[in-house]
Amino acid sequence: MIEAPTVFQRRIVIGAGVCVAAFMLVGIRLVDVTLMRSAGTDAAAGPAMAARADLTDRNGELLARDLPVKDIYARPHEFWDKAQAAKDLAAATGADERRLLEGFNNSKHPYVLVARRITPDAEARVMHLGLPGLEFEPASKRYYPDGRIAAQVMGVTDPDNNGVSGLEMGLQDRLRDAADGGAVATSIDARVQYILTHEVAEARKTFSAHAAGGIVMDVKTGEVIAMTSQPDFDPNQRKLEDGDSTRNIMAQDVYELGSVFKIFSFTLAFEDHTLKSLDEVFPIGQGYKIGKYTIHEAEHMPATLMARDILAQSSNIGTTQIALRSGGARQREFLTSLGLLSPLKTMLPETARPLFPGANWGMIETATVSFGHGISVSPLSFLTAAATVVNGGRRITPTFIRQPPGTDNRGAQVIKPETSEQMRDLLRYVVTNGTGRKADIPGYDVGGKTGSAQVPGPNGRYLAHALRTSFFAVFPVHNPRYVVFVLMDQPHGTKETGGFALAAYTAVPAAAHVVARIAPLLGVPNVPPPAKLADGRP
Amino acid sequence: MVRALNLFCVALMGLTILGLYHVSEKARVAHMELNKTHRQIVAEKGAIAVLQTEWQHVANSDRVQQLAATHGMNDAASAQLSSFDQMPRRSDDTPLNGSPVHNVNAEIPATPQAQTGFQD
């Protein structure tokens, strides 16, 4: 039989219980201090500055970064002399003195925003004033160290750090996910971007063109290595200067590109075997009648031309005859397969809807489309399709994100590999024997095609003496790695060009300078071209 | 015996409380130091970020090109450029003296290229 505990025993048990409880509290506190707190401290140890990750080029060079800045707010009721405070703060920060004074005298608002995103220098000037009632709110400012060089393709952010154009908008989610010390590596090569921008800007200045642009793209990965649009703007300034433009004409504008489109007409002819051989002779004459319309040449041409010279000398009449052999329906189907008749979707938010004949795709439309008139596409869309022609015939999609070395992003086969090889030979022939001679760079076998299109005016009629010139280049042509496209909108001839403003005088030299400067940087080998072309010709 | 045990427990508890206070105080001070260091790290990282950006700005291609032009430097012709894997090695059989270094396919035209009639 168990005896009931005495009072003394109960007190011992209660005392022991209190001791156990006390030790448990001590233990819990120890665990809290040693484990929990340290974990919390580690979590807070990372930098919490950037709302958006850095944008870098493919080699890790900085293209855009959030820099720490401050927003200044004032509590006006703490100022002894509001007018003097407004004057001093305006002088220190560049804010509008009148706005500040109105805000300080408005008793409805206890806080007044003095200035946003002030630099450390301005912050030091404000601190030096010794004014009471100022609050400095940490913020960040997007800064672009290269300034105008890649302005349109990089884009800009709004005051709340949201991307509003270019890759800043297109890569918004990636930039947010990689914030706080991370970086998003773009496909852009800052060195190539500078060279392209420099050469295109120089050419625009030399030929007094309204606008100009250029793109360099990898034909196997679809990586856009460089893209420029002139006029440009300074992304570090909120205001545009006279003549500046934020428009990326290479992605968001559509143009009738003219004779560079003959590339697709010849590709279609090879695909459909409508050309007996490149030696087949076509009558050229003074004009080619289709119903009530007559196709003319831009320049004087011989009475007859072989097929290869039709492309080399850029004959509209010859190309028309070749295109009509395939017909309008097939031409439309082929251009659709190259993605030229639908908007191109890339990481850039800027895109453009192509313009083409629609349901009325008859003989005359087939003829004009064959030499790049009556159809308008964006330069980026054109270059993507042309890259498909020369890269072995497989579709690619432009990307602005760096791809791992050795990546091959080529997709579905839309053109036969042998057609692609024939076209590369033909494009080389254009450079060695045709309108692209100025692009024949020693040491690099460049292929290409010129285009000099007429420019439609506001009333739909073509403007007299106004041209839109372009040049598509591929190098090395027998083992393609890169394609280059240079566009000039309404260039003017100079004394050196004898007054001519055709692509051979304007766009070709600019593209040639670009290729000559970027090929060594991109590691393109200096290899001799094959002794014989694909068709056996030397 | 029980009373002695109780006294021991109470004394142990008192000592533990004092020890815990000491540890807690040290942890608080260390935490303050940590926060201070953290703020310094953030400030230093911010300063480094600013310096990196400034370096990128002053060393960008546009500025280097302008400096090169100021000092009379020109771009090298593509035919003047080669890669390391095309350079002859000491162990190669081909003697260097009087022999071509490698099969150079590039030729710089001596005169400006002739204009053609093909201009489109």
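Definitions and cut-offs
Residues numbered from 1 in each chain as written. Chains lettered and ligands numbered in written order. Predicted model: local features only at pLDDT ≥ 70, side-chain atom pairs only at ≥ 80, totals over all residues. Helix = DSSP H or I, 4+ residues; strand = E, 2+ residues; numbered from the N terminus. Buried ≥ 20, exposed ≤ 12 C-beta atoms within 10 Å, placed from the backbone. Pairing = 2+ DSSP bridges. Axes fitted to C-alpha atoms, helices over the stretch in contact; angles between N-to-C directions. Parallel < 35°, antiparallel > 145°, perpendicular 65-115°, else oblique. Contact = placed C-beta atoms within 7 Å. Nonpolar A, V, L, I, M, F, W, Y, C, P; charged D, E, K, R; others polar. Domains from an automatic or database assignment. Expected span 1.5 Å × (residues − 1). pLDDT = per-residue confidence, 0-100. Left-handed = near helix turned anticlockwise from the far one by under 90°. Core = buried A, V, L, I, M, F, W, Y, C linked by C-beta atoms within 7 Å.

1. Comments concerning the overall build of chain B
Part 1 of the argument: Broken down by element type, chain B carries 2 helices and 0 strands.
Part 2 of the argument: In chain B, which comprises 120 residues, the proportion classed as buried is 5%.

2. Observations regarding the sheet that holds strand β6 (residues 211-218) of chain A
Residues and elements named next belong to chain A.
Part 1 of the argument: Strand order in this open sheet of 5 strands is β7-β6-β14-β13-β12, and the pairing throughout is antiparallel. Across the chains shown, the open sheet's two edge strands, defined by having one partner strand only, are β7 (224-230) and β12 (447-456). Sheet twist, expressed as the mean angle between neighbouring strand axes with direction ignored, is 10°.

3. Thoughts on the packing of helix α8 (residues 190-206) of chain A against helix α2 (residues 61-70) of chain B
Part 1 of the argument: Direction vectors running N to C along α8(A) and α2(B) enclose 60°, while the axes themselves pass 10 Å from each other. Between α8(A) and α2(B), the crossing angle belongs to the class labelled oblique. From α8(A), Ala190(A), Arg191(A), Tyr194(A) and His198(A) reach across to α2(B), where they touch Ser61(B), Asp62(B) and Gln65(B).
Part 2 of the argument: For the contact of α8(A) with α2(B), the per-class residue count stands at 2 nonpolar, 3 polar and 2 charged.

4. Here's the deal with the domain arrangement of chain A
Residues and elements named next belong to chain A.
Part 1 of the argument: Along its sequence, chain A is carved into domain 1 (54-186) and domain 2 (194-521).
Part 2 of the argument: A C-alpha centroid distance of 43 Å is found between domain 1 and domain 2.
Part 3 of the argument: Counting residues at the interface gives 19 residues for domain 1, matched by 17 residues for domain 2.
Part 4 of the argument: Counting only elements with at least two residues in the side of domain 1 that touches domain 2, the list comes to α5 (151-154) and α6 (166-170).
Part 5 of the argument: The residue inventory of the side of domain 1 that touches domain 2, partitioned by class, reads 11 nonpolar, 6 polar and 2 charged.

5. Things to note about helix α2 (residues 82-93) of chain A
Since one α-helical turn is 3.6 residues long, residues separated by three or four positions face the same way.
Residues and elements named next belong to chain A.
Part 1 of the argument: Across its 12 residues, α2 extends 16 Å between first and last C-alpha, which sits within 8% of the 16 Å expected from 1.5 Å per residue.
Part 2 of the argument: Taken as a whole, α2 has its buried residues at Ala 85, Ala 86, Asp 88, Leu 89 and Ala 92.
Part 3 of the argument: Buried residues along α2 sit in contact with α3 (97-105), β3 (112-118) and α4 (120-129).
Part 4 of the argument: Where α2 terminates, the next one or two residues include Gly 94, which has phi positive at roughly 85°.

6. Topic: the environment of Ala59(B)
All names here are of chain B.
Part 1 of the argument: Mapped onto the secondary structure, Ala 59 falls in the loop between α1 (2-58) and α2.
Part 2 of the argument: Looking at Ala 59, the number of C-beta atoms within 10 Å reads 11, which means it is exposed.
Part 3 of the argument: As a C-alpha pair, Ala 59 and Ser 24 span 35 residues in sequence and 51 Å in three-dimensional space.

7. Observations concerning the pairing of strand β13 (residues 462-475) of chain A
Residue and element names in this part refer to chain A.
Part 1 of the argument: Sheet topology places β12 next to β13; 9 bridges connect them, and they run antiparallel. Directly across from Gln 454, in β13, lies its bridge partner Leu 467.
Part 2 of the argument: Between the end of β12 and the start of β13, which pair antiparallel, lie 5 residues, with Gly 460 showing a positive phi angle near 90°.
Part 3 of the argument: Note: β13 against strand β14 (residues 482-489), 8 bridges, orientation antiparallel. If you follow Thr 469 over to β14, its bridge partner there is Met 488.
Part 4 of the argument: Between β13 and β14, which pair antiparallel in sequence order, lie 6 residues.

8. Some words on the environment of Pro357(A)
All names here are of chain A.
Part 1 of the argument: Relative to the helices and strands, Pro 357 resides in the loop between α13 (328-337) and α14 (363-370).
Part 2 of the argument: Placed 12 residues apart in sequence, Pro 357 and Val 369 show a C-alpha to C-alpha distance of 8.8 Å.
Part 3 of the argument: Not counting chain neighbours up to four residues away, the residues in contact with Pro 357 comprise Glu 365 and Gly 374.

9. Overview of the confidence of the model for chain A
Part 1 of the argument: Per-chain confidence: chain A averages 90 in pLDDT, with 94% of residues scoring 70 or above.
Part 2 of the argument: In the model, residues 39-48 of chain A has pLDDT below 50 throughout and makes 11 contacts with residues more than four positions away in sequence or in other chains.

10. Observations concerning the packing of helix α10 (residues 262-272) of chain A against helix α12 (residues 316-326) of chain A
Two quantities define a packed helix pair, namely the angle between the axes and the distance from one axis to the other.
Residues and elements named next belong to chain A.
Part 1 of the argument: Put simply, α10 and α12 touch, their axes get as near as 9 Å, and they point 45° apart. On the basis of their axis angle, the class for α10 and α12 is oblique. Every pair of crossing elements has a handedness; the one defined by α10 and α12 is left-handed. Side by side, α10 and α12 meet where Lys 262, Ser 265, Phe 266, Leu 268, Ala 269 and Asp 272 of the first sit next to Thr 319, Ile 322, Ala 323, Arg 325 and Ser 326 of the second.
Part 2 of the argument: Residue classes in the contact of α10 with α12 are distributed as 5 nonpolar, 3 polar and 3 charged.

11. A word on the pairing of β14(A)
All names here are of chain A.
Part 1 of the argument: With respect to burial, β14 is a largely interior element, 8 of its 8 residues being buried.
Part 2 of the argument: Taking every second residue as pointing to the same face, both faces of β14 are buried, with Tyr 482, Val 484, Val 486 and Met 488 on one and Val 483, Phe 485, Leu 487 and Asp 489 on the other.
Part 3 of the argument: Two strands pair when backbone bridges link them, and β6 and β14 are joined in this way by 8 bridges, in the antiparallel orientation. In the sheet register, Val 216 faces β14, and the bridge partner there is Val 484.

12. Things to note about the nonpolar core
Residue and element names in this part refer to chain A.
Part 1 of the argument: Of all hydrophobic cores here, the largest spans 127 residues; its most connected members are Ala 473, Val 483, Val 486, Ala 511 and Val 515.
Part 2 of the argument: If you tally residues by element for this core, the top one is helix α17 (residues 507-521), at 10 residues.
Part 3 of the argument: When residues of this core are assigned to domains, at least three map to each of domain 1 (54-186) and domain 2 (194-521).
Part 4 of the argument: The next biggest cluster of nonpolar side chains, apart from the first, holds 15 residues, and it includes Leu 100, Ala 115, Ile 118 and Val 126.

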